Amino acid sequence: MASLEEEFMRERPSMVIEPLMVPVPCDTSCLTNSKFRELLANPKFRMGMEVVDSLVDLVRDYVSTLTREVITRLNEFEADASQATFALYQILEVGGDFVLGEDLTFQGRTVVRGEFQKLMRALKVLESMKRDQDIKLTCDEIRYLTEALWEHVDKNLRRILVEVQSGS
C-alpha cells in the first residue's frame, strides 16, 4: 500500500484559481481539507507549503488586478467580468480569439451581450486590452508564477517528502 507521501507525489493535489480556471498546487487550506492534511504535521513540509501559500496569494493578487482592469474598461457594456477575464487571459497565454455573433463570445462562453454596435465597441476595447503591455505583463506574471508553483512542488516538496519517508 502506498504511503501518504507517495500518494501526494503521484496525485499532485491541485485547486483552480477562478475565474481563469488555472490549476495550481493545493495551498495549506486546500490540503487541510483533504486526505493529505497529516502531511502538514511535519515542520519541514509545512515550511515548504508556506512558499506555496505565498505564491498562490500572489497569483490571486495578479488575477484580482486583471479582473479589476477588465471591469473598469468594460463597465459601459453588458459584460460578464469573469468570462471576459478568462477569455483575455486565455487569448494572451494560450491563443484563440473572440467570436462576434448574437453575443461576443470566447470558446462558447458569453463575454458581452447587447446590440451589434455595442458588441463592436466592446470588441474594440477588448482588442486594445490584448495589445496593452501592462495587461500582457500581468497575464505573463500569472503564468510564470503558476509554473514556479508547480516547479516548487515537483522539486522542493518532493525532496522534503522523500526525506520524511526515509526518516531523515
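Note: the structure precedes this text.
Residues numbered from 1 in each chain as written. Predicted model: local features only at pLDDT ≥ 70, side-chain atom pairs only at ≥ 80, totals over all residues. Heavy atoms only, no water.

Student: An account of the nonpolar core is requested, with residue identities and associated values reported.
Tutor: If you look at the biggest cluster of nonpolar residues, it comprises 51 residues, and the most contacted ones within it are Phe8, Phe45 and Phe98. Beyond its immediate chain neighbours, meaning those up to four positions away, Phe98 contacts Ala87, Ile91, Leu104, Thr105, Phe106, Val111, Leu123, Leu126, Glu127 and Lys130. (Core = buried A, V, L, I, M, F, W, Y, C linked by side-chain atoms within 4.5 Å. Buried < 20%, exposed > 50% of the residue type's maximum accessible area, 1.4 Å probe, protein only. Contact = heavy atoms within 4.5 Å.)

Student: Explain helix 3 (residues 43-73) to me, using residue names and the numbers behind them.
Tutor: Two residues of an α-helix separated by three or four positions point the same way, owing to the 3.6 residues in each turn. The terminal C-alpha atoms of helix 3 lie 45 Å apart, and with 31 residues this matches the ideal 45 Å at 1.5 Å per residue to within 8%. Buried residues of helix 3: Phe45, Gly48, Met49, Val52, Leu55, Val56, Val59, Val63, Leu66, Thr67 and Val70, and no others. If you check the start of helix 3, you find a side-chain oxygen 2.8 Å away from the backbone N of Lys44, and it comes from Asn42. (Helix = DSSP H or I, 4+ residues; strand = E, 2+ residues; numbered from the N terminus. Expected span 1.5 Å × (residues − 1). Polar contact = N/O pair within 3.5 Å; in protein donor to acceptor, adjacent residues only side chain to side chain.)

Student: Tell me what's going on with the pattern of salt bridges, and back it up with residues and numbers.
Tutor: The final tally for this structure, using the stated rule, is 16 salt bridges. For the salt bridge of Asp97 with Lys130, the shortest nitrogen-to-oxygen distance reads 3.0 Å. Separated by 33 residues along the polypeptide, Asp97 in the loop between helix 4 (81-93) and strand 4 (99-100) and Lys130 in helix 5 (residues 116-131) bring together distant segments of the chain. Assessed through its relative accessible area of 41%, Asp97 is described here as partly exposed. Salt-bridge contacts for Arg113 lead to Asp103; the nearest nitrogen and oxygen are separated by 3.1 Å. Taken together, the positions of Arg113 in strand 6 (residues 109-113) and Asp103 in the loop between strand 4 and strand 5 (104-106) put the pair 10 residues apart, joining distant regions of the chain. Classification of Arg113 as partly exposed rests on a relative accessible area of 45%. One connected set of salt bridges, linked through shared partners, spans Glu93, Asp140, Arg143 and Glu147. (Salt bridge = Lys/Arg side-chain N within 4 Å of Asp/Glu carboxyl O.)

Student: Tell me about the side chain of Asp27, and please be specific about residues and values.
Tutor: Here Asp27 shows up in the loop between strand 2 (22-25) and helix 2 (28-32). A polar side-chain atom of Asp27 sits 3.0 Å from the main-chain amide nitrogen of Cys30.

Student: Provide a residue-level description of the pairing of strand 6, including the pertinent values.
Tutor: Bridge analysis of strand 3 (residues 78-79) against strand 6 gives 2 bridges, and the strand direction is antiparallel. Opposite Ala79, over in strand 6, you have Val112 as the bridge partner. In this sheet, strand 6 lies alongside strand 5 in antiparallel orientation, the contact comprising 3 bridges. For Thr105, the partnering residue across the bridge sits in strand 6 and is Thr110. (Pairing = 2+ DSSP bridges.)

Student: Can you explain the packing of helix 3 against helix 6 (residues 133-166)? Please cite residues and give values.
Tutor: At a minimum axis distance of 10 Å, the contact between helix 3 and helix 6 shows a crossing angle of 165 degrees. In terms of axis orientation, helix 3 runs roughly antiparallel to helix 6. Relative to helix 6, the crossing made by helix 3 is left-handed. In terms of residue class, the contact of helix 3 with helix 6 is made up of 21 nonpolar, 4 polar and 5 charged. (Axes fitted to C-alpha atoms, helices over the stretch in contact; angles between N-to-C directions. Parallel < 35°, antiparallel > 145°, perpendicular 65-115°, else oblique. Left-handed = near helix turned anticlockwise from the far one by under 90°. Nonpolar A, V, L, I, M, F, W, Y, C, P; charged D, E, K, R; others polar.)

Student: Just give me the short version of the state of the cysteines, but keep the residues and values in it.
Tutor: If you walk through the whole model with that rule in mind, you get 1 disulfide. One disulfide bridge connects Cys26 with Cys30, the sulfur atoms lying 2.0 Å from each other. Cys26 gets classed as buried once you look at its relative accessible area, which sits at 7%. (Disulfide = S-S within 2.5 Å.)

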